[in-house]
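In case you want the letters, here they are:
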Amino acid sequence: MSNHQETRKFIDKMSAMSHALKLLAKRDYSKAEMIEKLTQAGFDQSDVEDAVLRLSEYGYLDDEKFTTSFIENRIKQKVVSKQLLEEELRRRKIDENIIKAAVDHINDENLLQRAIKNYLRLKGNPKNLKEVKKLYSYLLRHGFSEEMILESFHKFKISIDDA
């Protein structure tokens, strides 16, 4: 390989690394997301793999840390169910074992109670059937099961009879 070719290869590798660092400056990425982003940007597969390997070695790409941070931030933004968190992490191509370990400690019932309290704080207690249905739909959209929602309605004394 000539000096020019070696220099070009080095510049390409650094360019992929530089692009990855710019992406990471804006937000965290999973390894799979970073591979996808760099590939979409047109970098050579070997340069992409090299950049991801180096970023992993430096601790900038760590799927376990990413998953933990993602869950914490997601729950702070909007209370969602454990199931919805798992689905979002799968879309980000996180390994199933990492997902399972990260969500094992999450109590879906506590999340549901927080979601209901947040909703009631903003909208007040449902006054009619239409408002109960809105709350019910809101909770379904946030990934909670029908069974859990109905159980929580009993705990919070939300009923169609009152509406």
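Not measured: the values here are computed from a predicted model.

S.K.: If you had to explain the pattern of salt bridges to someone new, which residues and values would you point to?
M.R.: Where charged atoms from two side chains of opposite charge come close, those side chains can pair. Applying the stated criterion across every chain yields a total of seven salt bridges. For Glu33, the salt bridge is made with Arg27, and the minimal N-O distance between the two is 3.6 Å. Residue class for Arg27 comes out partly exposed when judged on its relative accessible area of 34%. Put simply, Glu33 and Arg92 hold a salt bridge, and the shortest N to O gap is 2.8 Å. Linking Glu33 in helix H2 (residues 31-40) with Arg92 in the loop between helix H5 (82-91) and helix H6 (96-103), this pair joins segments that are 59 residues apart in sequence. Overlapping salt bridges, with partners in common, bring together Arg27, Glu33 and Arg92 in one network.

S.K.: For the packing of aromatic side chains, give the residues involved together with the corresponding values.
M.R.: All told, the structure shown has four aromatic pairs when counted by the stated rule. Judged by centre distance (6.0 Å) and plane angle (25°), the rings of Phe66 and Phe70 are stacked. Residue Phe66 and its partner Phe70 are located together in helix H4 (residues 63-77), separated by four residues, close to a single helical turn. We note that Phe66, like Phe70, is buried. Here the aromatic rings of Tyr136 and Phe153 are separated by 6.4 Å at their centres, their planes lie at 70°, and the arrangement is edge-to-face. Residue Tyr136 is found in helix H8 (residues 129-141), and its partner Phe153 is found in helix H9 (residues 146-155); the two are separated by 17 residues along the sequence. A residue is classified by how much of its surface remains accessible, and Phe153, at 6% relative accessible area, is buried. Across from the ring centre of Tyr29, 3.9 Å away, lies the NZ or CZ of Arg27, which sits over that ring.

S.K.: How would you summarise the confidence of the model for the chain if you had to cite specific residues and measurements?
M.R.: The share of residues in the chain with pLDDT of 70 or more is 88%, and the mean pLDDT across the chain is 88. Across the chain, the element-wise mean pLDDT spans from 72 in helix H1 (residues 3-26) up to 96 in H6.

S.K.: Give me helix H3 (residues 45-58): which residues, what numbers.
M.R.: For H3, built from 14 residues, the straight-helix expectation of 20 Å at 1.5 Å per residue is met to within 8% by its first-to-last C-alpha distance of 20 Å. Looking one or two residues past H3, Gly59 carries a phi angle of roughly 90°, positive in sign.

S.K.: Hey, could you go over the layout of surface pockets for me, with residue numbers and the actual values?
M.R.: Reported here for the largest pocket is a volume of approximately 180 Å³. Residue lining of the largest pocket: Arg27, Asp28, Phe66, Ser69, Phe70, Asn73, Arg74, Gln77 and Arg92, and that is the complete set. Residues that form the lining of the largest pocket fall into these classes: two nonpolar, three polar and four charged. In this structure, the second largest pocket occupies an estimated 150 Å³ of space. Around the second largest pocket, the lining residues are Thr68, Ile71, Glu72, Ile75, Ala102, His105, Ile106, Asn107, Asn110 and Leu111. Listed by contribution, the elements that provide at least two residues to the lining of the second largest pocket are H4 and helix H7 (108-123).

Procedures and definitions
- Residues numbered from 1 in each chain as written.
- Predicted model: local features only at pLDDT ≥ 70, side-chain atom pairs only at ≥ 80, totals over all residues.
- Heavy atoms only, no water.
- Salt bridge = Lys/Arg side-chain N within 4 Å of Asp/Glu carboxyl O.
- Buried < 20%, exposed > 50% of the residue type's maximum accessible area, 1.4 Å probe, protein only.
- Helix = DSSP H or I, 4+ residues; strand = E, 2+ residues; numbered from the N terminus.
- Phe/Tyr/Trp six-rings, centres within 6.5 Å; stacked < 30°, edge-to-face > 60°.
- Lys NZ or Arg CZ within 6 Å of the ring centre and 35° of its normal.
- pLDDT = per-residue confidence, 0-100.
- Expected span 1.5 Å × (residues − 1).
- 1 Å grid on protein atoms, 1.4 Å probe; cavity = no way out; pocket = protein on both sides within 12 Å on 5 of 7 lines; lining within 4 Å.
- Points joined across faces, edges and corners; volume = space filled by probe spheres on them.
- Nonpolar A, V, L, I, M, F, W, Y, C, P; charged D, E, K, R; others polar.

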